[in-house]
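Fold and contact review
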Amino acid sequence: MTLAGKRVLLVVSGGIAAYKALELIRLLRAAGCGVTCVLSRSAAQFVTKLSLQALSESRTYDDLFSLTDESEMGHIQLSRAADLLVVAPASADLLARMAAGMADDLASTVLLATDKPVLVAPAMNVRMWQHEATVANMALLAARGVRVVGPEEGPMACNEFGPGRLAEPPAILAAIAALLVPAAGPLAGRHALVTSGPTHEPIDPVRYIANRSSGRQGHAIAAALAALGARVSLVSGPVGVPDPPGVTVIRVETAQQMLAASLAALPADIAVCAAAVADWRVASAAGRKIKKTPGAPPPALELVANPDILATLSAPGPTRPRLVVGFAAETDALAENAAAKRARKGCDWIVANDVSPATGIMGGEENSVHLITATGAEDWPRLPKSDVARRLAARIAAALA
Ligand code: C5P
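Residues numbered from 1 in each chain as written. Predicted model: local features only at pLDDT ≥ 70, side-chain atom pairs only at ≥ 80, totals over all residues.

Moving on to the domain arrangement of the protein chain. The domain architecture assigned to the protein chain consists of domain 1 (1–181) and domain 2 (182–401). Just the C-alpha atoms count here: the centres of domain 1 and domain 2 sit 31 Å apart. Of the residues lining the interface, 12 residues belong to domain 1; the matching set on domain 2 comes to 13 residues. It is helix 8 (residues 132–143) that provides the largest number of residues to the side of domain 1 that touches domain 2, a total of five residues. (Domains from an automatic or database assignment. Contact = placed C-beta atoms within 7 Å. Helix = DSSP H or I, 4+ residues; strand = E, 2+ residues; numbered from the N terminus.)

Structure below.
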């Protein structure tokens, strides 16, 4: 891969993963990409300016109020000279300051002053990553067009396990390449919104209502659309499958969050709603863990309907995507139910599949689907989910051509 002639402004923020920024610089330089580094206030506790300068073969900046820096290369000029700003690692603190539009050090100031695309690679403790504040900040940044790579799940420096590890440098490099050298393809210049995975509807802080969706089909569709050149926003419920390369992933938990993130991602040319959204949520989730009292009857859960994301996106209006595709997982009367669902939801196509337990499809690696359009139904053979995704992406590209 070559990134010759391209320039990245790499913002390194404070965190134990900052050492991986050194490897990222090495990979970028090997690909021919120019790299200039900016250190956030706390990053210097983890990596030295000297190592960044040596590897990037370029001056590293860290001081907003340096008269020499400002006269040689002002903070506006730093981003002007770059094709892409990359924040790796992106700490919870820097992401929060970006979301709030703060400019209290050189790193946050260049990020606020730029009109160039921004890619962030978050890295933090699992609880910080899952905190509502970080979730809300990430949704806000994604809605503003900030691209995200990672984090990955695994053992962490704080002796915990979960999502929060910085994406590996080759994955960050691939995300950078996808932005700097956009894939040519029939969907180049199109924006696709994909929902995927289950939603979790809280009962109390530790319990939730969920379903068996793995996110495999939705994630494969996001990857297939990106491979045809589309810019893809993937709004995903909690899943164990990895992020597709070159796709912006917006992580949510509940149906209400999924709807808000999907609407925030508009406008889009294409929407594919593959998520298994919970139909109901608990009317008022308890703020504290519900106690089991010996002898007392189990608590009754009052459920209320969740918003229908597919129907909302399909409703006529200025932001309706040109092509809206829904899914119908049915256990009986597949074709009739799917056709009725297409009409009821107002979407253009329905991908229908039989999820009766005998098929073993739900959560599996394969899918056997029928494509229901305005002109009728097509039966597709049983295929790996990645092949179903490629076939659907090709159909979408043909429909939009
Ligand atoms: O109504 P049902 O759940 O069977 O419809 C399935 C389709 O509707 C899927 O495309 C799913 O992503 C979408 N859906 C949604 N929001 C809901 C329920 C379903 O987007 N609340």
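With that settled, consider the sheet that holds strand 4 (residues 84–90). What the six strands build is an open sheet, ordered 3-2-1-4-5-6; its pairing is parallel. Sheet topology places strand 3 (60–61) and strand 6 (147–148) at the edges, where each strand pairs with a single neighbour. Relative to strand 2 (residues 34–39), strand 1 (residues 7–12) runs parallel, the two being bridged by six bridges. Within strand 2, the residue paired with V11 across the bridge is V38. The sheet strands contacting helix 6 (residues 106–113) are strand 1, strand 2, strand 3, strand 4 and strand 5 (118–122), and the helix crosses strand 1 at an angle near 135 degrees. In the packing of helix 9 (residues 169–180) onto the sheet, the strands contacted are strand 1, strand 4, strand 5 and strand 6, and the crossing angle to strand 4 comes to about 160 degrees. (Pairing = 2+ DSSP bridges. Axes fitted to C-alpha atoms, helices over the stretch in contact; angles between N-to-C directions.)

Let us now look at the packing of helix 1 (residues 19–30) against helix 2 (residues 49–56). In the contact formed by helix 1 and helix 2, the axes pass within 9 Å of each other and the chain directions differ by 15 degrees. Between helix 1 and helix 2, the crossing angle belongs to the class labelled roughly parallel. In this structure, helix 1 meets helix 2 at a crossing whose hand is right-handed. Along its contact with helix 1, which presents L22, I25, R26 and R29, the element helix 2 presents S51, L52, L55 and S56. When grouped by side-chain class, the residues that make up the contact of helix 1 with helix 2 number four nonpolar, two polar and two charged. (Parallel < 35°, antiparallel > 145°, perpendicular 65-115°, else oblique. Left-handed = near helix turned anticlockwise from the far one by under 90°. Nonpolar A, V, L, I, M, F, W, Y, C, P; charged D, E, K, R; others polar.)

Here the focus is the site of the ligand. Residues in contact with the ligand amount to 14 residues; listed here are only the nearest, C273, V277, I309, L310 and G326. Elements represented by at least two residues in the shell around the ligand include exactly helix 12 (309–314) and strand 17 (323–330). Here the shell around the ligand gets three residues from one element, more than from any other, and that element is strand 17. A class-by-class count of the residues in the shell around the ligand yields nine nonpolar, three polar and two charged. (Near = placed C-beta within 6 Å.)

The next subject is the sheet that holds strand 9 (residues 191–196). Strands belonging to one sheet form pairs held by backbone hydrogen bonds; the direction of such a pair is parallel or antiparallel. Taken in spatial order, the eight strands of this open sheet run 13-12-9-14-17-18-20-21, and their pairing is mixed. The two strands at the open ends of the sheet, each matched to only one other strand, are strand 13 (248–251) and strand 21 (376–379). Neighbour to neighbour, the strand axes of the sheet diverge by 15 degrees on average, direction disregarded. Where strand 9 lies against strand 12 (residues 231–236), six bridges are found, and the strand directions are parallel. Following the sheet pairing, S196 is matched in strand 12 by S236. Those strands touched by helix 8 are strand 12 and strand 13, and its axis lies near 145 degrees from that of strand 13. Contacts between helix 13 (residues 334–345) and the sheet are confined to strand 17, strand 18 (349–354), strand 20 (369–373) and strand 21, with strand 17 contributing the most and set at about 140 degrees to the helix.

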